[in-house]
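# Fold and contact review
Listed below, chain by chain, are the residues.
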Amino acid sequence: LKPCWLKCNCTVNGQAFPPYKMLAYEQDGVLGYPPAADPGMEDEMARMELIRQGFRINWMNMRDASTGQILWEHHDWDCSTGETEAQVPREILKCRQVSREINFSSQEKMSGLRLVQTILFNGQHLEEWNFSFGFVIPNSTNTWQQTIEAAEEEEMIPAELLSGNTVIDTTFYDGDAVVASQTYQRR
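As a starting point, this report considers the structure included with it. (Residues numbered from 1 in each chain as written. Predicted model: local features only at pLDDT ≥ 70, side-chain atom pairs only at ≥ 80, totals over all residues. Heavy atoms only, no water.)

Turning our eyes to something else, we now look at the pattern of salt bridges. Within the structure shown, the criterion is met by five salt bridges. Note that Arg-52 is salt-bridged to Glu-49, the shortest N-O span being 3.8 Å. Placement of both Arg-52 and Glu-49 in helix α1 (residues 39-54) is noted, with a separation of three residues, approximately one turn of the helix. (Salt bridge = Lys/Arg side-chain N within 4 Å of Asp/Glu carboxyl O. Helix = DSSP H or I, 4+ residues; strand = E, 2+ residues; numbered from the N terminus.)

This is the structure in structure tokens:
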């Protein structure tokens, strides 16, 4: 069984209540209600909520890995928004390798921080990137660098087709539990 949070809306006798989170379990792609009370699970859910509240992306940049030249950077992250727009320059598509730095802070210990990015083009799954950071010290600020290699030139999608048609779903995990998630639309 894998725990997950569902966002629920509730209406009783025509009166709408604010959205709330409900714990559910997933097993083999099927969602269900929690089994009988498990005190260890309640502790884990409380720990994950503290991790989510204490996680912050401070800044991110992308460089041409061969020259070190910064091609894009962003400093005002709001991890609470579900979707945002990214103005990524076309020059990035000409790089054979892109170096990305993410500076983040965590108030809580994490045992297995990782990042999964799913790239969608015209609503269809194009590719997925997985990156692993590992252990995060509590009350720390960290800079995490990844290198992303470009496809061969003949396999590249032209920039004019990518603009407005590309969505990047970015999710940070501690193990299998979601810490933060955001969707970026490339403009």
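Now, onward.
On to the sheet that holds strand β10 (residues 140-149), then. Strand pairing in a sheet relies on backbone hydrogen bonds, with the paired strands running either antiparallel or parallel. Reading across from one edge, β5-β4-β7-β10 is the order of the four strands in this open sheet, with antiparallel pairing throughout. One side of each edge strand has no neighbouring strand; the edge strands of this open sheet are β5 (70-74) and β10. Between one strand axis and the next, the sheet turns by 15° as a mean value, whatever way the strands run. For strand β4 (residues 55-64) and β5, the ladder comprises four bridges, and the chain directions are antiparallel. Note that in β5 the partner of Arg-63 across the bridge is Ile-70. (Pairing = 2+ DSSP bridges. Axes fitted to C-alpha atoms, helices over the stretch in contact; angles between N-to-C directions.)

Further remarks concern the pairing of β10. Residues Ser-140, Asn-142, Trp-144, Gln-146 and Ile-148 line the buried face of β10, whereas the alternating positions Thr-141, Thr-143, Gln-145, Thr-147 and Glu-149 sit on a face that is not buried. Here 10 bridges tie strand β7 (residues 97-106) to β10, and the two strands are oriented antiparallel to one another. Paired with Ser-105 across the strands is Thr-141, a residue of β10. (Buried < 20%, exposed > 50% of the residue type's maximum accessible area, 1.4 Å probe, protein only.)

Another aspect to go through is the packing of aromatic side chains. Counted by the stated rule, this structure contains five aromatic pairs. Relative to Phe-133, the ring of Phe-104 lies with its centre 5.2 Å away and its plane at 85°, an arrangement referred to as edge-to-face. Of the two residues, Phe-104 is situated in strand β7 and Phe-133 in strand β9 (residues 124-136); the sequence distance between them amounts to 29 residues. For Phe-104, a relative accessible area of 0% translates into the label buried. Following the ring pairs from residue to residue traces out a cluster consisting of Phe-55, Phe-104, Phe-133, Trp-144 and Phe-172. A cation over an aromatic ring shows up here: Arg-100 above the ring of Phe-131, its NZ or CZ 5.0 Å from the ring centre. A cation over an aromatic ring shows up here: Arg-114 above the ring of Tyr-173, its NZ or CZ 4.3 Å from the ring centre. (Phe/Tyr/Trp six-rings, centres within 6.5 Å; stacked < 30°, edge-to-face > 60°. Lys NZ or Arg CZ within 6 Å of the ring centre and 35° of its normal.)

Take unusual backbone geometry next. One non-glycine residue, Asn-122, lies in positive phi territory at about 50°. Secondary-structure assignment places Asn-122 in the loop between β8 (110-121) and β9. Residue classification places Asn-122 among the partly exposed residues on the basis of a relative accessible area of 48%. The backbone phi angle of Asn-139 is positive, close to 55°, even though this residue is not glycine.

Glancing now at the nonpolar core. Counting 26 residues, the largest nonpolar core has Phe-55 and Phe-172 as its most contacted members. Taken together, the elements giving at least two residues each to this core come down to α1, β4, β5, β7, β8, β9, β10 and β12 (177-186). Looking at which element gives the most residues to this core, the answer is β4, with four residues. The contacts of Phe-172, once residues within four sequence positions are left out, are Phe-55, Ile-57, Ile-102, Leu-113, Arg-114, Leu-115, Trp-144, Ala-177, Val-178, Val-179 and Ala-180. (Core = buried A, V, L, I, M, F, W, Y, C linked by side-chain atoms within 4.5 Å. Contact = heavy atoms within 4.5 Å.)

Moving on: the environment of Glu-152. Secondary-structure assignment places Glu-152 in the loop between β10 and α2 (159-162). Residues Glu-152 and Arg-96, spaced 56 residues apart in sequence, show a C-alpha to C-alpha distance of 8.4 Å.

Our next topic: the environment of Glu-127. Position of Glu-127 relative to the elements: it lies in strand β9. As a C-alpha pair, Glu-127 and Ile-168 span 41 residues in sequence and 9.8 Å in three-dimensional space. Once residues within four sequence positions are removed from consideration, Glu-127 is found in contact with Gln-117, Thr-118 and Ile-119. A distance of 3.1 Å separates the side chain of Glu-127 from the side chain of Trp-129, its partner in a polar contact. (Polar contact = N/O pair within 3.5 Å; in protein donor to acceptor, adjacent residues only side chain to side chain.)

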